[in-house]
Amino acid sequence: MNFINEGSKSLNVKNKKEDVKIVAFLCNWCSYAGADAAGTSRLRQPEDIRIIRVPCSGRINPLFILKAFNLGADGVLVSGCHPNDCHYSEGNFYARRRLEVIKEFLPFIGIDKRRFSYQWVSASEAQKWQKVVINFVKIIKEING
Amino acid sequence: MRIGIFVCYCGSNIGATVDVEKVAQEVLKFPGVVFSQTNLYTCSEPGQNQIKKAIKEHNLTRVIVASCSPRVHNNTFMRAVESAGLNPYLFEMANIREQDSWIHDNREKATQKAIELIRMTVSKVYKNRELYPKYFDLNKNVLVIGGGIAGIQAALDIADGGKKVIMVEKESSIGGRMAQLDKTFPTIDCSACILSPKMVDVGIHENIELLTLSEIVNVEGSIGNFKITIKKKPRYIDLKNCTACGECEKVCPVSYTSIFEAGLARKKAISKMFTQAVPSAYFINNKGKAPCRSSCPADVPAQGYIALIREKKYLEALKLHREENPFPSICSRVCTHPCEISCTRSLVDESISIMNLKRFIADYELKLGEIPLPEMKEKKFKKVAIIGSGPAGLTASYYLSKEGYDVKVFEAFQEAGGMLRFGIPEYRLPSKILNLEIDLIKRMGVEIKTNSEIKNSNEIWKLKEKDGFDAVFLATGANKNVSIQLDGENLRSVISGVDFLRDVKLLKIKKVDGTVAVIGGGNAAIDSSRTALRLGAKEVNIFYRRSLEEMPAMKEEIKDALEEGIKINYLTAPVAINGQDGKVTELILIKNKLGELDSSGRKKPVPVKGSEYKFPVNLVILAIGQEPDTNYLTTGDRTFEVLKNKSIKLDKKNILLVNKDGIFAGGDLVTGPATVTDAIAHGKLAAKVINKYLEGNSLDDIEAEIIKEEGSKIRLEPEEVFTKEALDSFEKISRIFIEKEPVNKRINNFNEVVHSISEERAIKEAQRCLNCSICSECHECIKVCEANAINYNQKEEIITKEVGAIVVATGTDIFNTDVYEEYGGKELKDVISAIQYERLMCASGPTGGHIKRLSDNKEPKKIVFLSCVGSRDKSKGMSYCSAACCMYLAKQAILTKEHIPDSISYIFYTDIRSPGKDYDEFVMRAKEYGTQYIRGKVSKIYKKDGKLIVKGVDTLISEPVEIDADLVVLAPAMIPAKNSKQLAEILNITTGTFGFYTESHPKLRPVETNTSGIYLAGACQSPKDIPESVAQGSATASKILALMSKDKLLTDPIVAKVDQVRCIGCNKCLFVCPFNAIEEVNLINKKIVKVIESVCKGCGLCEATCPIDAISLNGFTDEMILEELEAFSIF
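Residues numbered from 1 in each chain as written. Chains lettered and ligands numbered in written order. Predicted model: local features only at pLDDT ≥ 70, side-chain atom pairs only at ≥ 80, totals over all residues. Heavy atoms only, no water.

Asks: How should the overall build of chain B be read in this particular structure?
Replies: The secondary structure content of chain B amounts to 38 helices and 51 strands. Relative to the compact-globule value of 32 Å for 1131 residues, chain B shows a C-alpha radius of gyration of 40 Å, a clear excess of over 25%. Summarising its shape, the C-alpha atoms of chain B cover approximately 130 × 90 × 70 Å along the three principal directions. By residue count, 56% of the 1131 residues in chain B fall in the buried class. Sequence-distant contacts, at least 24 apart, represent 71% of the contacts inside chain B between residues at least 6 apart. Summed over its atoms, the accessible surface of chain B is roughly 48800 Å², and 50% of this surface lies on carbon and sulfur atoms. (Helix = DSSP H or I, 4+ residues; strand = E, 2+ residues; numbered from the N terminus. Rg over C-alpha atoms; globule rule 2.2 N^0.38 Å. Buried < 20%, exposed > 50% of the residue type's maximum accessible area, 1.4 Å probe, protein only. Contact = heavy atoms within 4.5 Å. Areas by Shrake-Rupley, 256 points an atom, 1.4 Å probe, with all protein chains shown as cover.)

Take a look at the structure:
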């Protein structure tokens, strides 16, 4: 359903194979703490991700994701507490609905939906976070070609 | 804007990967940045002083520290910024350690990333605004949920600290799991001896309010101001009065399996949970209204009188019956017994023969002579008139007369009894029996005036206005025939069922000749047929338009009728009644088939075309239905309204009120034709309502009270009383066989058909009762309680309490080991759980402290203990370690040796886990006692020659092991307490993978939850032993006392804020807020929302939901995040 295939690429100022720009929105309680734990365990990751800390995945306005692509992001990653484990008890349920809709919507504005991913990473899942980052960067690099 | 940036080396943690100096240089180029500096350790005191100094010297208005994660040092730096006079919310951190230097090796790229991260933070900090926390009062009361050792410790420490504690315990006593234990490790001191003084302290502490049998149903608010809603179940005992003398327990006829004794003993329905229970008072375990009782329209406590029959207290049983229904003799013969239909026993084998048990006690009393008078209250000198002496009228007269009213009953016929006398044939209800029960009412002083028909409404009003009656109860029944609407209905020898049965009773019809056809399928049709047969009919045919399944007559009656030779023609209906010379000669009948369901829920009969046939008859009895005769209500000057279905119109249905001037109605006149018991129920209700009315209560109040009373009844459904496993475990015993008069001896006379049962068989049948509601409400305990402590009127209460903090100490449950079929599941009686073994060893346990096998009561000599049954076993149980089992098995092995010196114990273990003070020494002691530790699992246990063969493997020597044991003890996993998930939802706290409550931090905040103000103690957080639970109890207490030492609390200003101008009051935010922190307010003709700052937790769900950006979260506004994104895009 890619009407304008890879439209976002033209907005990418760098557009180099090795360098990709990825922004990640992480909830403060699970995933940001998980990313911190990955750091504490010195789990090596690619340098391409910039993390923005938000209180809850439910705080994420879908606009942020579109805005990020608009501003030239090659990929947008969202991660929050596992469903049923939200620090605010139900924020990630709302997030899940919104993010799924956004994911399905992206092809309509010409963005490959693989450029957007949402994950559930808990504060103790340092290794999972590392894996998520490595995989996501790999996918984005593949799409960028 | 003057921004100062401090870039941290963090020793070599950052410095080794990031060129810190370069970063400090680069960031100076960003707009607004006026100062940058590097520090070796920014978080150290010199580092913090540098920040303070720079703020002052360079007039900084924003501060950024680029160092570790904000989760580590945000608060440290905020305090430093604040002490330099800058609002701490103008500070931000850039995480260049955990998310940069620690995860990258490429120095160039890591340095570039650090610069970019700081650039994003600079953009965010532009938008930071000064924020100020607010103060709010905190409530200094504390709620402790759970009365186990952890909760007890927390409560006592907090109460000793001078704060009020409300302890909520769901059982009838506090004590929890520890109360069940015999001895405790590693000191082998008696569990009860060290626990009960603490329990007593809780009971008498002036600062502790103990609420037993209570559960939390709702929690609102947040730290400092929680509002708790508690459901308190009735104990049915006044705590103030009960002296725990135990007399009640001796007379209680019901016992049930004790959960406290781990299923090894039974306890009475009125009992104490255990000897040392606190509060030291009895408790009646009443689960509600048993299915038999709740299905009875008259609310007769069948389980109660059955329990008394078991105890041979027959007269007491009758007395109990008459409290709800004055006609045990009559009802034992004619009731449709819905109690038997709903009897839970029918799920096991067959329902209890409740009606015949009743018949037994009623007949027992008759043999003794006349029915004793009930206790009568003092005369009230008020008069009540009752119209109609059927079951409704007579019941009302009985209870009103008992209350002390002067009652006069007006009866149209020459004898009292209504349908009981004229509608039910002699062979089912002998007149002698009816007369005896009516005589009782007469002996009580009720005047029954026969041959006194009330002919019109004027006469009713005359009773009220001229004759001095204070209230009138209309109970004239439903005795008018419904017409079949066929030609020939008026022929001679065509008679209605009602008229036929009455005329037989009045001896107007003494003989029936030839062939009789009865039309209808109800009890009246069966009664008419059997009566006609007894009067000499050659052949009796019943024609019913539907099939046997839909037939409303009682199944036993149908069976009896068929036995007597009555023919029932199903799916057949008359289309014409033909006659000659005015006398009936034949019926024209048509065959039906069943179609769609009709409004009554039964299949509609549809005539089959061309299937008509002739049937010659001599007498046709039309028993197709009755309706109330309401002529007298609708004639006269001040008439009463009658509904379409011919029943009287009521003003207030719930209290049977016809007219506010004290006119009531009940029975068939209101319901249309119904059962005797329905009429009795109405009579009883009318008596209750009329009594309240005459005592001067307003009708609205009476109605409200009746509705409330109905609503508060807990009705048990047969399916919910027992689990399927429990039902399967009951021994199957067939229902008592009821003897009847042989067919050839009964079809030519009116002798009673059903025989009474013997005492011996009655008791046997009564023993089949499963005691569904546990307490049978037989009221025997009330009779012996000298302290007057028993109060059956206690109702479930909803209590609200306000507290500032909550301790959750709900403990743990035990894993059901039945899934381990290889260990015998439920089949092997001598494979028991460790908690059962604990009870067997306990001196106050079911065996008085003697270890015995459950199968043969023999003392076991070879005992095998299995650890990790359900623990550390992903395939069948839980993957975690239950923490205490290794230790208590060592204890049980030591104690076994002390109880039975010539015994030997084997412990199969996975790994011995004994980390704790004196713990490993304790395990060594067990070994010194001769306990054989075998490292390995058991694969199978089976029975052979009276021994349990335990097959396993010793993994240390890789050899199979086989032990012929006498007893096997399983150490089951500790699992989260039942309903702990629901409580988590109520409290808004989280549960982990296995359902235990999650602490805020596994190392640094072990007793806090992520919901401030809620703390965890004991095994609800994870499996743990007593010392650890006690330590956690005290830890929560110290946390709470520290909290309570403040007079006011600060709010976190990271809360949502509403733009009052933009808000359109769509309430979307209100629906998504998980904390109910948003409320609707009126703002000059406009509905908008407002954030309750003390409740808001700052998740920002509302901001992402608001369709018009009218609500934003301080510290994380859309603006800030979009600025960060813009900064992200620069590079």
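Asks: What exactly am I supposed to notice about the overall build of chain A here?
Replies: Looking only at helices and strands, chain A has four helices and four strands in total. N-terminal to C-terminal, the α/β element order of chain A is β-α-β-α-β-α-β-α. Expressed as a percentage of the 145 residues in chain A, the buried residues total 59%. When the accessible area of chain A is evaluated, it comes to approximately 5900 Å², of which 53% is carbon and sulfur surface.

Asks: Is there a simple way to think about the environment of Met887 of chain B in this case?
Replies: Residue and element names in this part refer to chain B. Within the element layout of this structure, Met887 appears in helix H32 (residues 885-899). Separated by 703 residues in sequence, Met887 and Thr184 place their C-alpha atoms 9.4 Å apart. With residues near it in sequence (within four places) discarded, Met887 still touches Phe185, Arg913, Ser914, Tyr919, Phe922 and Val923.

Asks: It is not clear to me how helix H29 (residues 759-766) of chain B should be interpreted in this structure. Could you clarify?
Replies: Residues spaced three or four apart along an α-helix face the same direction, because each turn holds 3.6 residues. All names here are of chain B. Looking only at H29, the buried set comprises Ala762, Ile763, Glu765 and Ala766. All buried residues of H29 lie within an arc of 160° about the axis, which places them on one face of the element. Among the exposed residues of H29, those pointing more than 90 degrees away from its buried face are Glu760 and Lys764. (Arc of directions from axis to C-beta.)

Asks: Would you mind going over the confidence of the model for chain B with me for this structure?
Replies: In regions of low pLDDT, the predicted coordinates are not meant to be interpreted in detail. Averaged over chain B, the pLDDT score is 94; the fraction of residues at 70 or greater is 100%. At the level of chain-chain contacts, confidence expressed as ipTM amounts to 0.91, with global pTM at 0.78. (pLDDT = per-residue confidence, 0-100.)

Asks: Can you help me understand the nonpolar core in this one?
Replies: Generally speaking, soluble globular proteins have nonpolar side chains that are buried together. Residues and elements named next belong to chain B. Counting residues in each nonpolar core, the largest one holds 106 residues, and the members touching the most others are Tyr305, Ile309, Ile460, Leu474, Ile648 and Ile690. Ranked by the residues each element gives to this core, the list is headed by helix H24 (residues 676-694), at 10 residues. Counting residues in each nonpolar core, the second largest holds 36 residues, with Val202, Ile208, Ile223 and Val807 among its members. (Core = buried A, V, L, I, M, F, W, Y, C linked by side-chain atoms within 4.5 Å.)

Asks: Before we go on, may I ask you to explain the packing of helix H10 (residues 302-310) of chain B against H29 of chain B in this structure?
Replies: Each pair of packed helices can be summarised by the angle the axes make with each other and by the distance between the axes. Residues and elements named next belong to chain B. At a closest axis distance of 8 Å, the pairing of H10 and H29 adopts a crossing angle of 125°. Overall, the two elements H10 and H29 adopt an arrangement that is oblique. In this structure, the crossing between H10 and H29 has a hand that is left-handed. For the pair formed by H10 and H29, the contact residues are Ile306, Ile309 and Arg310 on the first element and Ala762, Ile763 and Ala766 on the second. (Axes fitted to C-alpha atoms, helices over the stretch in contact; angles between N-to-C directions. Parallel < 35°, antiparallel > 145°, perpendicular 65-115°, else oblique. Left-handed = near helix turned anticlockwise from the far one by under 90°.)

Asks: Please clarify how the state of the cysteines should be interpreted in this entry.
Replies: Note on terminology: disulfide describes a covalent bond linking the sulfur atoms of two cysteines. A complete count under the given rule lists one disulfide over all chains for this structure. Here Cys30 of chain A is linked by a disulfide to Cys81 of chain A, with a sulfur-sulfur distance of 2.3 Å. The S-S bond linking Cys30 of chain A to Cys81 of chain A shows a torsion near 95°; that makes this disulfide right-handed. Of this pair, Cys30 of chain A sits in the loop between strand E1 (22-27) and helix H1 (31-40) while Cys81 of chain A is found in the loop between strand E3 (75-80) and helix H3 (91-105), placing the two residues 51 residues apart along the sequence. By the burial criterion, Cys30 of chain A is buried, and Cys81 of chain A matches it. Left without a disulfide partner, Cys785 of chain B is nearest to the cysteine sulfur of Cys245 of chain B, which lies 6.3 Å away. Unpaired in terms of disulfides, Cys842 of chain B finds its nearest cysteine sulfur in Cys190 of chain B, a separation of 7.1 Å. (Disulfide = S-S within 2.5 Å.)

Asks: Explanation requested: helix H2 (residues 62-70) of chain A in the structure shown.
Replies: Residues of H2 of chain A that are buried include every one of Phe64, Ile65, Ala68 and Phe69 of chain A, and no others. All buried residues of H2 of chain A lie within an arc of 130° about the axis, which places them on one face of the element. On its buried face, H2 of chain A is in contact with E1, E3, H3 and strand E4 (116-120) of chain A together with helix H38 (1118-1130) of chain B.

Asks: Could you clarify how one ought to interpret the pairing of strand E27 (residues 583-597) of chain B in this entry?
Replies: The two faces of a sheet get side chains in turn, since along a regular strand they alternate between them. Residues and elements named next belong to chain B. Across eight bridges, strand E26 (residues 572-580) lies against E27 in antiparallel orientation. The residue of E27 that forms the bridge with Ala573 is Ile590. Joining the antiparallel neighbours E26 and E27 is a turn of two residues, in which Asp581 adopts a positive phi near 55°. Two elements, E27 and strand E29 (residues 613-616), share four bridges in a ladder whose sense is antiparallel. The residue bridging Leu589 from the neighbouring strand is Tyr613, located in E29. Pairing of E27 with strand E28 (residues 603-607), which is carried by four bridges, proceeds in the antiparallel orientation. Note on E28: the bridge partner recorded for Leu594 is Pro605. Counting the residues in the hairpin turn of E27 and E28 gives five residues, including Gly601, whose phi is positive at 85°. (Pairing = 2+ DSSP bridges.)

Asks: I would appreciate a short explanation of the sheet that holds strand E7 (residues 165-168) of chain B in the present structure.
Replies: Through backbone hydrogen bonds, the strands of a sheet pair up, either in parallel or in antiparallel fashion. Residue and element names in this part refer to chain B. Strand order in this open sheet of five strands is E10-E7-E6-E35-E46, and the pairing throughout is parallel. Two strands close off the open sheet at either side, each with one partner strand: strand E10 (208-211) and strand E46 (1014-1016). Sheet twist, expressed as the average angle between the axes of neighbouring strands with direction ignored, equals 20°. Where E7 lies against E10, four bridges are found, and the strand directions are parallel. Residue pairing in the sheet places Val168 in a bridge with Leu211 of E10.

Asks: Teacher, can you tell me more about the sheet that holds strand E40 (residues 932-935) of chain B here?
Replies: All names here are of chain B. With parallel pairing, the five strands of this open sheet are ordered in space as E37-E44-E38-E39-E40. What marks the edges here is a single partner per strand, and that holds for strand E37 (831-833) and E40. Across the sheet, the axes of successive neighbouring strands diverge by a mean angle of 25°, strand direction being ignored. Across five bridges, strand E38 (residues 862-869) lies against strand E39 (residues 904-909) in parallel orientation. Paired with Phe865 across the strands is Ile907, a residue of E39.

Asks: What is the right way to read the packing of H10 of chain B against helix H11 (residues 314-324) of chain B from this model?
Replies: Residue and element names in this part refer to chain B. Orientation of H10 relative to H11, taken along the N-to-C sense of each, is 170°, at an axis distance of 8 Å. Judged by the inter-axis angle, H10 sits roughly antiparallel to H11. Counted together, Gly304, Tyr305, Leu308 and Ile309 of H10 and Tyr314, Glu316, Ala317, Leu320 and His321 of H11 form the full contact between these two elements. For the contact of H10 with H11, the class distribution of residues is six nonpolar, two polar and one charged. (Nonpolar A, V, L, I, M, F, W, Y, C, P; charged D, E, K, R; others polar.)

Asks: Please explain the interface of chain A and chain B as it appears in this structure.
Replies: Buried accessible area, meaning the area lost when the parts come together, often serves as the stated size of an interface. On the chain B side, the residues contacting the 49 residues of chain A number 45 residues. Between chain A and chain B, the buried area comes to about 4200 Å², and carbon and sulfur atoms account for 57% of it. A per-residue breakdown of the area chain A buries against chain B is headed by Glu47, Arg50 and Arg59 of chain A, which together make up 17% of the total. Counting the contacts that link chain A with chain B gives five salt bridges. Across the chain A-chain B interface, the total number found is 18 residue pairs in polar contact (both at pLDDT 80 or more). Among the secondary structure elements, those contributing two or more residues to the side of chain A that touches chain B are E1, H1, strand E2 (49-54), H2 and H3 of chain A. If one sorts the elements of the side of chain A that touches chain B by residue count, H1 of chain A sits on top with seven residues. Per-class residue counts for the side of chain A that touches chain B are 26 nonpolar, nine polar and 14 charged. (Buried area = accessible area lost by both parts, 1.4 Å probe. Salt bridge = Lys/Arg side-chain N within 4 Å of Asp/Glu carboxyl O. Polar contact = N/O pair within 3.5 Å; in protein donor to acceptor, adjacent residues only side chain to side chain.)

Asks: Just checking my understanding: could you explain the pattern of salt bridges for this structure?
Replies: Where side chains of opposite charge bring their charged atoms close, a pairing between them can arise. All names here are of chain B. Overall, the coordinates contain 82 salt bridges over all chains when judged by the stated rule. With a closest N to O distance of 3.5 Å, Asp467 and Lys462 form a salt bridge. The class of Asp467 is partly exposed, set by a relative accessible area of 29%. Residue Lys462 is classed as partly exposed on the basis of its relative accessible area of 42%. The structure contains a network of salt bridges with shared partners spanning Arg428, Asp527, Arg530, Arg534, Glu557, Asp560, Glu563, Glu564, Lys740 and Arg746.

Asks: When you look at the environment of Gly85 of chain B in this model, what are you seeing that I'm missing?
Replies: Position of Gly85 of chain B among the secondary structure elements: in the loop between helix H3 (70-83) and strand E4 (91-95). Distance from Gly85 of chain B to Lys56 of chain B, taken between C-alpha atoms, is 8.6 Å for residues 29 residues apart in sequence.

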